[in-house]
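Descriptive analysis of the structure
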Amino acid sequence: MALLFTEKNTAIRQTVFDALNSTKITDIHTHLYTPSFGDILLWGIDDLLVYHYLVAEAMRWLDVPYDMFWAMSKRDQADLIWKALFIDHSPISEASRGVLTTLQALGLDTSSRDLDSYRRFFAEWKIEDYVDRVFELANLEGLVMTNDPFDDLERPAWLEFKAVDPRFHAVLRLDTLLNDWPNAVPKLNSWGYTVDLVPGRETYVEIRRFLRDWAGRINAIYMAASLPPTFAYPDDSVRSDLLKNCVFPVAAETGLPMGLMIGSKRAVNPQLKLAGDSVGRGNIEAVEHICQENPNIKFLLTMLGRENQHEVCVAARKFRNLHVFGCWWYVNIPSLIEEITRMRVELLGLGMTPQHSDARVLDQVIYKWSHSRKIIGDVLTEKYTDLAATGWIVSEAEIRRDIAGLLGGNFWDFIKR
Ligand code: FIX
Ligand code: ZN
């Protein structure tokens, strides 16, 4: 009996991993940009090394003052990080291992530890070709960007109507609007949207116009915001007011889902810049209220706190307009991806999107997906094996169907529903 079970498990594992490795992925949340936007699309070894995950880790070993570190060139920062995290200590954290997985996939010799040879390799590539190579290695079909009209680096690119690579989908990101209203107001006014610091009817009309204009301009497939752990809804904040009177009406009218990313505590250590954000436990009650109040609007949800993951699954069981996705940022580490993916499969079956990369540097999609694919495969193997033990026969075609859903199909079905 034991042998039979093992044989089945091996066959199932093979089928699961064949399907995972051959299924093209839609990466539903990244911070990458279409190549025509130029330098704001980050790629190559120096950008990989100065990734904010690694900055935070390296700073724990370095005693260079923060200001001095930020005044250095990208290459000098990368040298420091390489020495602190790869040479002086073994690179076993998830983010540092990721750099090595990426280099290895690109055919580089990680045993050489020769940073300059890696730099020479990247210097040979033209970005247009490199994007194709990275898509091929990560097995990506498409990815979703994060596009904030308030971002001064990105905004001009949209206004110049640069051609967007059709594999790069846009998302209308609302962080500045919802989290930093006092700074959003003068900008909106300067762009011709007449808004007041204390929003009223006219401001609502203008914000709805702003949302429609930008959703149309960038051809957004959803709207989204990253929200603090204290995020509450409803409450007497401007944010709740704008959600209720502007964002939700535009979501209802356009059919665009609203992505809620809850739990990021910004600038806990401002001297670390992007690396200085932290995590806090969010309130699932806000999500429940939102879904209950807006059954005609679709919501995407990911939460940052490990403590929130169980209630996220339960909330998704209550509201079919809620689609759970990804293991975000601090929970995007193997031990927690495994825990969260298993929990989601057990509570939601296949009705979710288990992962996104959150890549900020193009090449990162290679390691993020390679690491996650392995864990998703292990969990699915276990679950299909349990299923086989009941006598239920799962065909290879059914496993392929299920995996195509997990790697993007479920997301697209939800978007188009
Ligand atoms: O808000 C977000 O989309 C976060 O993912 C980022 O702000 C964060 O800096 C990040 O890169 C996490 O992976
Ligand atoms: Zn992100």
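Residues numbered from 1 in each chain as written. Chains lettered and ligands numbered in written order. Predicted model: local features only at pLDDT ≥ 70, side-chain atom pairs only at ≥ 80, totals over all residues. Heavy atoms only, no water.

Moving on, we get to the nonpolar core. Formed by 139 residues in total, the largest nonpolar core has its most connected members in Leu174, Leu188, Leu211 and Met258. In terms of residues, this core owes the most to one element, helix H17 (residues 364-388), which gives nine residues. In contact with Met258, other than residues within four places in its own chain, are Leu174, Leu178, Met223, Ala224, Ala225, Val247, Phe248, Lys298, Phe299 and Leu300. Membership of the second largest hydrophobic core comes to six residues, among which are Cys327, Val331, Ile340 and Ile375. (Core = buried A, V, L, I, M, F, W, Y, C linked by side-chain atoms within 4.5 Å. Buried < 20%, exposed > 50% of the residue type's maximum accessible area, 1.4 Å probe, protein only. Helix = DSSP H or I, 4+ residues; strand = E, 2+ residues; numbered from the N terminus. Contact = heavy atoms within 4.5 Å.)

Quick look at the coordination of the zinc ion (ligand 2) now. Perfect tetrahedral coordination of a metal by four donors corresponds to 109.5 degrees between them, and perfect octahedral coordination by six donors corresponds to 90 or 180 degrees. On the protein side, the zinc ion (ligand 2) has His29 (NE2), His31 (NE2) and Asp358 (OD) as donor atoms, found 2.0 to 2.2 Å from it. Here the donor residues of the zinc ion (ligand 2) share one chain and are spaced in sequence as H-x1-H-x326-D. You can see His29 sitting in the loop between strand E1 (25-27) and helix H2 (45-49) and its partner Asp358 sitting in the loop between helix H16 (334-348) and H17, a full 329 residues away along the chain. (Donors = N, O, S within 2.8 Å, 3.2 Å for Na, K, Ca; no water.)

Another aspect to go through is the site of ligand 1. Close to ligand 1 lie His29, His31, His52, Tyr53, Arg173, Ser226, Met261, Arg266, Trp328, Trp329, Asp358 and Arg360. Contact between ligand 1 and Trp328: an oxygen atom at 2.9 Å from a side-chain N or O atom of the residue. Between an oxygen atom of ligand 1 and a side-chain N or O atom of Arg360, the distance comes to 2.7 Å. Expressed as a share of its isolated accessible area of 330 Å², the protein-covered part of ligand 1 is 98%. Partitioned by chemical class, the residues of the shell around ligand 1 number four nonpolar, four polar and four charged. (Near = heavy atom within 4 Å. Polar contact = N/O pair within 3.5 Å; in protein donor to acceptor, adjacent residues only side chain to side chain. Areas by Shrake-Rupley, 256 points an atom, 1.4 Å probe, with all protein chains shown as cover. Nonpolar A, V, L, I, M, F, W, Y, C, P; charged D, E, K, R; others polar.)

Once that is clear, we can look at unusual backbone geometry. For the bond running from Tyr233 to Pro234, omega is -5°, close enough to zero to count as cis. Examined against the element boundaries, Pro234 turns out to sit in the loop between strand E4 (220-227) and helix H13 (238-254). Even without a glycine there, the phi angle at Phe161 is positive, about 55°. Mapped onto the fold, Phe161 is located in the loop between helix H9 (155-159) and strand E3 (168-173).

Nothing here speaks to function; it is all geometry.
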